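# Structural features, examined
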Amino acid sequence: MADRTIQGGDGIRTFPFPVELSVGGVGMQVGPMGADRTWHADAPLERVHRIDFHVVLLFGEGPVRHMVDFTEYEAAAGDLLWIRPGQVHRFSRTSEYRGTVLTMQPGFLPRATVEATGLYRYDLSPLLRPDAAQLTGLRNALGQLRREYEDTATLPLSLHTAVLQHSLTAFLLRLAHLAASSAESVRQQSDSTFTLFREAVEKDFATNHSVSAYADALGYSRRTLVRAVRAATGDTPKAFIDKRVVLEAKRLLAHTDLPIGRVGAAVGFPDAANFSKFFHQHTDLTPAAFRAELR
């Protein structure tokens, strides 16, 4: 297949959705997991990488250990792992991946469905543990989606694609309900103030670290923003921003060879000394020490 991977400005390899491997060239795939899994023929998935599409893994066996954004998750049989576009992750060399894998290209579903299914809720844990009834519903919905995906003879491509979109929506609505079922997630989803703040931070954290600036841009008082963020996360807005900045800095330090000064500049610290001080305050390590520990 043609090499369409992207070497981003941060040096982490990003894989595009493999349209050429999709039945009929539609914007999704669903099928069994296996040892031959790949997004790209020349890149083992055991290496840290990003993808620009969604992946949902429904495990038939376990335990399976999988790293997503510096957290190792351990999934058991019946658990799901939902990896969203842009997240840094790595498959385990030692785990057996068995079950069903769904991949979906951004833009395959209409915007209203994207919003209803919470496709870009990066604040939610990627690891989902359904109860027996939830798992039955998810398996049935995913099984129906797979049957529709593999049936390319019954309908013309346009109708086949429309049926897939509806079947995929049904599965994702169940998945979104599961993802938002904890009390904390429900609070986060219902609090529009926090939701708008979270989205603004995700967009601007590399250039804006000011709580007052976010409050002004969103039209809230600083006090209102503090209450909303504390209710949703237990943190102050400043702590929420700082955690996002630290996460991105860790990504760049661990998975690129960018000089430390350029890493700092990439997350909003043009002065390398200020970046080192900030990073040490939040991790008890200098950026150089953190990088050295992982190499």
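Report on the accompanying structure.

## Quick notes on the pairing of strand E8 (residues 80-83)
In E8, alternate side chains face the same way, and those of Leu-80 and Trp-82 on one face and Leu-81 and Ile-83 on the other are all buried. Two strands pair when backbone bridges link them, and strand E5 (residues 54-59) and E8 are joined in this way by four bridges, in the antiparallel orientation. When the sheet's bridge partners are listed, Val-55 is paired in E8 with Ile-83. Of the pairings in the sheet, the one linking E8 to strand E11 (residues 127-128) comprises two bridges and is antiparallel in character. Pairing of Leu-80 across the sheet is with Leu-128, part of E11.

## Focus: empty space enclosed by the protein
Throughout the structure, instances matching the rule amount to two cavities of 30 Å³ or more. Taken as a whole, the largest cavity encloses approximately 50 Å³ of empty space. Lining of the largest cavity is provided by His-54, Val-55, Val-56, Trp-82, Leu-102, Thr-103, Met-104, Leu-119 and Leu-172. At the level of elements, E5 and strand E10 (99-104) are the ones that each hand at least two residues to the lining of the largest cavity. Looking at the lining of the largest cavity residue by residue, the classes come out as seven nonpolar, two polar and no charged.

## Re unusual backbone geometry
Residue Pro-63 is bonded to the preceding Gly-62 through a cis peptide linkage, with omega at 0 degrees. Turning to its location among the elements, Pro-63 is positioned in the loop between E5 and strand E6 (64-68). The backbone phi angle of Phe-70 is positive, close to 70 degrees, even though this residue is not glycine. The backbone phi angle of Asp-284 is positive, close to 65 degrees, even though this residue is not glycine. Secondary-structure assignment places Asp-284 in the loop between helix H10 (272-283) and helix H11 (287-293). Looking at Asp-284, the relative accessible area reads 62%, which means it is exposed.

## Examining the environment of Leu-294
Inspection of the secondary structure assignment puts Leu-294 in the segment after H11. Among the residues examined, Leu-294 registers a relative accessible area of 47% and is labelled partly exposed. Placed 40 residues apart in sequence, Leu-294 and Ala-254 show a C-alpha to C-alpha distance of 6.5 Å. Once residues lying within four places of it in the same chain are set aside, the contact partners of Leu-294 are Phe-70 and Ala-254.

## What to know about the sheet that holds strand E3 (residues 28-32)
With antiparallel pairing, five strands are arranged side by side in an open sheet as E3-E10-E5-E8-E11. Each edge of the open sheet is held by one strand with a lone partner, namely E3 and E11. Bridge count between E5 and E10: six bridges; the pairing is antiparallel. Counterpart to Leu-57 in the pairing with E10 is Val-101. Across the sheet, helix H2 (residues 132-150) touches E3, E5, E8 and E10, and the angle it forms with E3 is around 110 degrees. Against the sheet, helix H3 (residues 157-179) engages E3, E5, E8, E10 and E11, with an angle of about 105 degrees to E8.

Rules used in this analysis
Residues numbered from 1 in each chain as written. Predicted model: local features only at pLDDT ≥ 70, side-chain atom pairs only at ≥ 80, totals over all residues. Heavy atoms only, no water. Buried < 20%, exposed > 50% of the residue type's maximum accessible area, 1.4 Å probe, protein only. Helix = DSSP H or I, 4+ residues; strand = E, 2+ residues; numbered from the N terminus. Pairing = 2+ DSSP bridges. 1 Å grid on protein atoms, 1.4 Å probe; cavity = no way out; pocket = protein on both sides within 12 Å on 5 of 7 lines; lining within 4 Å. Points joined across faces, edges and corners; volume = space filled by probe spheres on them. Nonpolar A, V, L, I, M, F, W, Y, C, P; charged D, E, K, R; others polar. Contact = heavy atoms within 4.5 Å. Axes fitted to C-alpha atoms, helices over the stretch in contact; angles between N-to-C directions.

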